[in-house]
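# Commentary on secondary and tertiary structure
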Amino acid sequence: MIGSVNGEGEVTVDRQNDVGVRPSEYYGRISGEIAEEFVYDANFIKLRQLRLSYDLPSSVMSRVPVRSASVSVVGRNLFYLYDSVPNISPESSYNSEATPGFEQAGVPQSRSIGASVNLRF
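## Comments concerning the overall build of the protein chain
What the protein chain contains, in helices and strands, is two helices and five strands. What you see in the protein chain, going N to C, is helices and strands ordered as β-β-α-β-α-β-β. For the protein chain, with 121 residues in total, the buried portion stands at 17%. Counting every atom, the protein chain has about 10000 Å² of accessible surface; 55% of that belongs to carbon and sulfur.

Next up, the structure:
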């Protein structure tokens with residue numbers, strides 16, 4: 001049997017709850033607490049860095065005063081392979097002494113892609 005409680009505290013059967021609650025009161029109550037619907041498992045797998053390098057052959061290096069050279073393309077914070085937290089970066093958090101582990105207005109990590117040249121003399 002489905003029931004609810006009316007404004008006088010009486011249990012009613014097959015009726016809707018007749019007590020209205022202002023949204024500011026409801027959200028004000030749950031924002032100060034750790035509510036289960038807002039707690040997530042923060043497991044993730046991320047491709048943090050990928051580097052592709054090419055060493056120039058020694059036949060090319062014999063013509064210049066360089067012993068060896070390599071050219072690389074580097075990417076950092078490319079993407080998540082697995083992320084259990086929806087719509088936020090699991091690495092961002094709102095940290096203070098009063099609220100450790102909370103996330104609020106976090107921004108994602110910046111992705112960077114670049115190139116490098118390494119020369120040995």
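## Digging into the packing of aromatic side chains
Evaluation of the coordinates by the stated rule reveals one aromatic pair. With a centroid separation of 5.8 Å and 85° between ring planes, the pair formed by F44 and Y80 is classed as edge-to-face. Here F44, found in strand 3 (residues 44–55), pairs with Y80, found in strand 4 (residues 68–83); they are 36 residues apart in sequence, far enough to count as distant. Classification of F44 as partly exposed rests on a relative accessible area of 27%. Y80 gets classed as partly exposed once you look at its relative accessible area, which sits at 27%.

## Considering the side chain of S72
Relative to the elements of secondary structure, S72 occurs in strand 4. By relative accessible area, S72 is classed as buried at 2%.

## Quick notes on the sheet that holds strand 3
The strand order across the open sheet built from three strands is 3-4-5, with neighbouring strands paired in antiparallel fashion. Across the chains shown, the open sheet's two edge strands, defined by having one partner strand only, are strand 3 and strand 5 (112–120). For this sheet, the mean inter-axis angle between neighbouring strands, taken without regard to orientation, is 20°.

## With respect to the environment of S70
Within the secondary structure, S70 is located in strand 4. Exposure remark for S70: the relative accessible area of 12% places this residue in the buried category. Through-space distance from the C-alpha of S70 to that of D55 is 4.2 Å; in sequence the pair is 15 residues apart. Not counting chain neighbours up to four residues away, the residues in contact with S70 comprise Y54, D55, S116, V117 and N118.

## Some remarks on a nonpolar patch on the surface
Together, Y54, L56, V71, V117, L119 and F121 make up a nonpolar patch on the protein surface, roughly 610 Å² of accessible area in all. By secondary structure assignment, the location of V71 is in strand 4. With relative accessibility at 39%, the residue V71 sits in the partly exposed group.

## Quick notes on unusual backbone geometry
In most cases, non-glycine residues show a negative phi, while peptide bonds are predominantly trans. A positive phi angle, close to 50°, is found at N77, a residue other than glycine. Note on placement: N77 falls in strand 4. On the basis of relative accessibility, which here comes to 17%, the residue N77 falls in the buried class.

Cut-offs and rules
Residues numbered from 1 in each chain as written. Predicted model: local features only at pLDDT ≥ 70, side-chain atom pairs only at ≥ 80, totals over all residues. Heavy atoms only, no water. Helix = DSSP H or I, 4+ residues; strand = E, 2+ residues; numbered from the N terminus. Buried < 20%, exposed > 50% of the residue type's maximum accessible area, 1.4 Å probe, protein only. Areas by Shrake-Rupley, 256 points an atom, 1.4 Å probe, with all protein chains shown as cover. Phe/Tyr/Trp six-rings, centres within 6.5 Å; stacked < 30°, edge-to-face > 60°. Pairing = 2+ DSSP bridges. Axes fitted to C-alpha atoms, helices over the stretch in contact; angles between N-to-C directions. Contact = heavy atoms within 4.5 Å. Patch = residues over 30% accessible without salt bridge, like charges linked within 9 Å, V, L, I, M, F, W, Y side chains within 5 Å. Salt bridge = Lys/Arg side-chain N within 4 Å of Asp/Glu carboxyl O.

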